[in-house]
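These are the residues of each chain, in order.
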Amino acid sequence: MPEYQAHRCQQCHQPLREIDNFGQRLRGCFACNLWATAEGATWIRLSEEDLRSFYKLRHDHEPE
Ligand SMILES: [Zn+2]
């Protein structure tokens, strides 16, 4: 069961990230590609392509 309020990934224990997926707020783990919506019905997976673009976005805005 997804836990939107969780702070760490249940599988790899990395801190969860929040992203904005076309206006939908998602919270989840880049490493595992598991994302929960605020409503939290199910975990969802993003396509590789979407995942890469979010990852790139984050790295463009954050210094190493
Ligand atoms: Zn994870």
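Here, every reference points to the structure presented above.
Take the sheet that holds strand β2 (residues 24-29) next. Read across the open sheet, the four strands follow the order β1-β2-β3-β4; overall the sheet is antiparallel. Each having just a single partner strand, β1 (17-21) and β4 (43-44) make up the two edges of the open sheet. One ladder, built from two bridges, connects strand β3 (residues 34-37) with β4; its direction is antiparallel. Bridge assignment links A36 to a residue of β4, and that residue is W43.

One finds L16, L26, C29, L34, W35 and A36 forming the largest nonpolar core, which totals six residues. Taken together, the elements giving at least two residues each to this core come down to β2 and β3. Counting residues per element, this core draws most heavily on β3, at three residues. Discounting chain neighbours no more than four positions away, the residues touching L26 are I19, N21, W35, A36 and T37.

Every regular strand shows the same layout, with side chains that alternate between the two sheet faces. Relative to β2, β1 runs antiparallel, the two being bridged by five bridges. Each bridged residue has a counterpart across the sheet, and for I19 the counterpart in β2 is L26. Where β1 folds back on β2, the antiparallel hairpin that results is connected by two residues, among which F22 adopts a positive phi of roughly 50 degrees.

The rules behind each value
Counting starts from 1 at the beginning of each chain's written sequence and moves along it residue by residue. Restriction of local features to residues with pLDDT of at least 70 applies here, the model being predicted, together with a cutoff of 80 or more for giving and counting side-chain atom pairs; totals for whole chains, interfaces and linings are based on all residues. Following DSSP output, two strands are said to pair if at least two bridges run between them. Numbering of helices and strands runs from the N terminus, with a helix taken as a DSSP run of H or I at least four residues long and a strand as a DSSP run of E at least two residues long. For our purposes the nonpolar core covers buried Ala, Val, Leu, Ile, Met, Phe, Trp, Tyr and Cys residues that link as a set through C-beta atoms within 7 Å. The exposure scheme places C-beta atoms from the backbone and then counts, for each residue, the other C-beta atoms within 10 Å of its own, assigning buried at 20 or more, exposed at 12 or fewer, and partly exposed in between. Contact between two residues is assigned whenever their backbone-derived C-beta positions fall within 7 Å.

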